[in-house]
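# Per-entry structural report
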Amino acid sequence: MKFSEAWRLSGKVYKEVTFQSIFSLRAGSGLPQRGKMDIKQLVNSARTSTLISKLITTVFIGVFGSTVFLPLTVASVSPRELTIMGSVSAFLAVVLFLIAFMGLQVSTSFVSSKAIDVLNPLPLSKRDISNIVFLCFIRIFDLPLTAAVGVFLVVYFLVGGSVLGGLISIVAIVATEIFALTLTINSAKFFYSRVRGGGGKSAWQTFLRFVFTFFWILPTFIAYLLISFSGEVVQAFASLTQNFVSILQFLVLIYPFSFGFLVSYATYLRVVDYSILGLSVASTILYLAVAYYCLRWVTRTVRNLGAGAIVKVSKELVKDTIIRPQIPWLGIIRKDLRVASRAPSYASLFLLPAMQTVILAISFSSITDVGLSAALGILTGISMITLLLPPTLLSIEGLASAYTRSLPMKKRTLISAKTLLSTVTYVISLVVLSIVAVYAGRDFSFVLTFGTIHTFAIAAAVMLELTILTDKFWKEGFAVGNIYSRLSTYVLIFIPGFAVVLVPMIVAVVTFFLAKQLYLTAFLATALAEFTLMTAVVVREK
Amino acid sequence: MENSAVRVEGLTVSYGPFVAVDDISFTVRNGEIYGLLGPNGAGKTSTIKVLVGVLDPRSGKVEIFNTPITDEAAAKSQIGYVPEEVVLLDSLTPREFFEFVASIRKLEPSVVNPRLERFSSAFELKQYFDTPIAALSMGNKQKVAIVAALMHEPKLLVLDEPLVGLDARSSKILKELITFHAKKGGAVIFSTHIMEVAEKLCTKVGIINKGKIVREGTVDELRRLVKSAEGSLEDIFLKVTEQEAGMQDVIRALEEE
């Protein structure tokens, strides 16, 4: 089959994948409406929604990509060779993280959409089907993959890059994208083997699955750490390597610094040390070989994924049929944790607040005086990540909703369960921060006091998000779709939630300037008022 | 009506401009097995989805044991439902799935566990208790849905094509369970395309076509209505759904090719 024909057919399958990922039909959701015109509208809205989400990811790449090059815009920064090495390395880490993270969300729906089912009965050879499925997978990432190269080249040439450096950068970014896809496919494969083959009824096994999932997604979090500290990382390279050539010799062996160093050399063509240049070239060639191997692995695995070939069914010896029902909200929480323990896309979001806390804790340990502004800043950071959880938790209800909606489940029970789970995640973040503070010997009273009070505002914000979402999706059958494909909807839900989180902080700051002795009381009163109001709203939900 | 299990009045379901169910009314009494029959796209599943609270009607009134379906939790707690397309929480094992359903239905372990043991043995599901649902065959998934529908011993069973994918043994057991449930005073709404099954099992049949109930009654009453004393339910069905007329021509045309 000609490439053009395969590409055209992959477009048809891609259309089906986006539709499925938005409305989760094969996962048991129902269509909100039907009728020829409505179906057309739904198909279009699915395509638009996916496109918007791709654009948002592209914007993220653009923004983060530009940020890591900021130190180079300062004329006094020196040495420029090492700074550009840091910038390029950080950019590659950003691309790795964003594409791998996006892939975690999307590859799951790619697999569950069973794209291959549409093609299997057609008179196509296995090879043709494999090619079409692979091209369909590439279509999911087309904009971000292209944007990563485009954004880099624009920013790189703006800060004075060379043609040779640009060419090496393209190779480096393509290799990074392959690494990101490898990571994401590995996670999807792991997820599938867990779901299809892994049973396990005990809480310990559920915990172990979380630990496994954590290790799979750890590389993306390391990249996330690099993003969060990109500025510091770039500066650290510059100061560290300036004095210690031996560190640089070690660093150029590690991805993404080997690429970073080579681009830096190609930009200024100034040789610091021939041995370092040699090591950089050698390690780059090695990474390119790994990338080539990964590319072959990715193409082979995606084709198998599409064919649903990654199935490892293991039967366990069943001793009894005993079940232990809980009260409804606890039953929902347990179900959510079990589903998340087998799905990296859900598990990663549970782990995100904890990772964010670690990052904040590192920043926090370098702050000697934790006053009001620092405390509020830290809490804003944790809140933002916590507020991503409710839509994710609710999207779990999209699975099998055509069945689960026939159960006598009340909206308020659902909202309460998910509020509790999200709020507990926030509290865990606070506890981690406290431990770091004790370890670092910092006065943590501000953050702890404000954080504890702020829990009420967090719970209120979560309840608001969930109330909006359940009102919107309850009758549609929770076809919330995955985060990536419904990013635009999630952003709209996030805004009012974030406003609720911010209001007590604003009130506290304003009161601080008007009547200093009352600012804590004002903070508490506002947070409690929000919590009471939202509790009253939720209690009325049937 | 005191002993009515289900009362449907003027039910209309639409999807955008498309009207799937058009102003239908029917009643199912305790002890009745009501067969809802109709060609593909007639509106059976849409009707059933409204009865179990999965779908909102455009208009009309539905009561389950005198509880309006708008009082969702109260109405749903009396229903055991097996959907047409069995899509369950695939990443869970049957044990985890039953635990979730039992939690939502507030079932006591001492009550639910003996039932679960009984039903799992009957449907030979025990060996798959800790296997993820995603890895089960269609028939075993169907069994999981059936056991989940039975475990709270509901007064009303709503079964949308429940025999699809079941092996002969499980099919026989389910049919016996349905009959026993009705004998005990429970009610069953049952949709199927297998006319022989409907004929043997149902105490009352409603034939739905193009969103309307075109005939209703016992199989004997329907025979009298269509003046076909010898005809099977299939013949009656084809007659009242106006599919009989051109069918011979279609078959002949296919054979000629």
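Residues numbered from 1 in each chain as written. Chains lettered and ligands numbered in written order. Predicted model: local features only at pLDDT ≥ 70, side-chain atom pairs only at ≥ 80, totals over all residues.

### Looking at the overall build of chain A
Of regular secondary structure, chain A possesses 21 helices and 0 strands. A total of 542 residues make up chain A; the buried ones form 51% of that total. Relative to all contacts within chain A whose residues are 6 or more apart in sequence, the contacts with residues 24 or more apart total 86%. (Helix = DSSP H or I, 4+ residues; strand = E, 2+ residues; numbered from the N terminus. Buried ≥ 20, exposed ≤ 12 C-beta atoms within 10 Å, placed from the backbone. Contact = placed C-beta atoms within 7 Å.)

### Re the overall build of chain B
Counting its secondary structure elements, chain B contains 10 helices and 10 strands. Taken against the 2.2 N^0.38 rule, which gives 18 Å for 257 residues, the C-alpha radius of gyration of chain B at 19 Å falls within 12% of a compact globule. Seen through its principal axes, chain B has C-alpha atoms that stretch 55 × 45 × 40 Å. (Rg over C-alpha atoms; globule rule 2.2 N^0.38 Å.)

### Observations concerning the pairing of strand β10 (residues 212-217) of chain B
Residues and elements named next belong to chain B. Looking at chain direction, strand β9 (residues 204-209) and β10 are connected through 5 bridges and run antiparallel. Opposite Ile207, over in β10, you have Arg215 as the bridge partner. Linking two consecutive strands that pair antiparallel, namely β9 and β10, is a turn of 2 residues; a positive phi of about 50 degrees is found at Lys210 within it. (Pairing = 2+ DSSP bridges.)

### Some words on the sheet that holds strand β5 (residues 67-68) of chain B
Residues and elements named next belong to chain B. Taken in spatial order, the 4 strands make up an open sheet running β2-β1-β4-β5, and their pairing is antiparallel. Each of the sheet's edge strands pairs with one partner strand only, and the pair in question is β2 (18-29) and β5. Where strand β1 (residues 4-15) and strand β4 (residues 59-64) come together, 5 bridges link them in antiparallel fashion. Its bridge partner being in β4, Arg7 is matched across the sheet by Glu63. Set on the sheet, helix α1 (residues 44-51) makes contact with β1, β2 and β4; between it and β1 the angle comes to about 120 degrees. (Axes fitted to C-alpha atoms, helices over the stretch in contact; angles between N-to-C directions.)

### Comments concerning the packing of helix α13 (residues 328-341) of chain A against helix α18 (residues 411-440) of chain A
All names here are of chain A. Two numbers describe how α13 lies on α18: the axes approach to 9 Å, and their chain directions differ by 55 degrees. Between α13 and α18, the angle falls in the class oblique. Like other packed secondary-structure pairs, α13 and α18 cross with a definite hand, here right-handed. When α13 is examined against α18, the residues Pro328, Trp329, Ile332, Ile333 and Asp336 are found in contact with a partner set consisting of Thr413, Leu414, Ser416, Ala417, Leu420 and Leu421. When the residues that make up the contact of α13 with α18 are grouped by side-chain class, the tally is 8 nonpolar, 2 polar and 1 charged. (Parallel < 35°, antiparallel > 145°, perpendicular 65-115°, else oblique. Left-handed = near helix turned anticlockwise from the far one by under 90°. Nonpolar A, V, L, I, M, F, W, Y, C, P; charged D, E, K, R; others polar.)

### Things to note about the confidence of the model for chain A
Residues and elements named next belong to chain A. Looking at chain A as a whole, the pLDDT averages 77, with 70% of positions reaching at least 70. The least confident element of chain A, judged by mean pLDDT, is helix α9 (residues 230-243) at 60; the most confident is helix α21 (residues 519-540) at 94. Counting contacts from residues 25-36, a segment whose pLDDT is below 50, to residues more than four positions away or on other chains yields 42 contacts. (pLDDT = per-residue confidence, 0-100.)

### Some details on the confidence of the model for chain B
Summing up the model confidence of chain B, the mean pLDDT is 86 and the portion of residues at 70 or higher is 95%. With a pTM of 0.75, the predicted complex shows an ipTM of 0.86.

### Concerning the sheet that holds strand β8 (residues 187-191) of chain B
Residues and elements named next belong to chain B. If you walk across this open sheet you meet the 6 strands as β6-β7-β8-β3-β9-β10, and the pairing is mixed. Lying at the two open borders of the sheet, with one neighbouring strand each, are β6 (79-82) and β10. Neighbour-to-neighbour, the strand axes of the sheet open up by a mean angle of 15 degrees, direction not taken into account. Strand contacts of helix α5 (residues 138-150): β6 and β7 (156-160), with the helix running at about 175 degrees to β6, the strand carrying the most contacts. Here helix α6 (residues 168-183) sits on the sheet in contact with β3 (33-37), β7 and β8, set at roughly 145 degrees to β8.

### Points about α13 of chain A
Residues and elements named next belong to chain A. Between its first and last C-alpha atoms α13 spans 20 Å; for 14 residues at 1.5 Å apiece the expected length is 20 Å, and the two agree. Burial analysis of α13 places 11 of its 14 residues in the buried class, the great majority of the element. The complete set of buried residues in α13 reads Pro328, Trp329, Gly331, Ile332, Arg334, Lys335, Asp336, Arg338, Val339, Ala340 and Ser341. (Expected span 1.5 Å × (residues − 1).)

### Things to note about the pairing of β9 of chain B
Pairing between β3 of chain B and β9 of chain B: 4 bridges, direction parallel. Bridge pairing in β9 of chain B links Leu37 of chain B to Ile207 of chain B.

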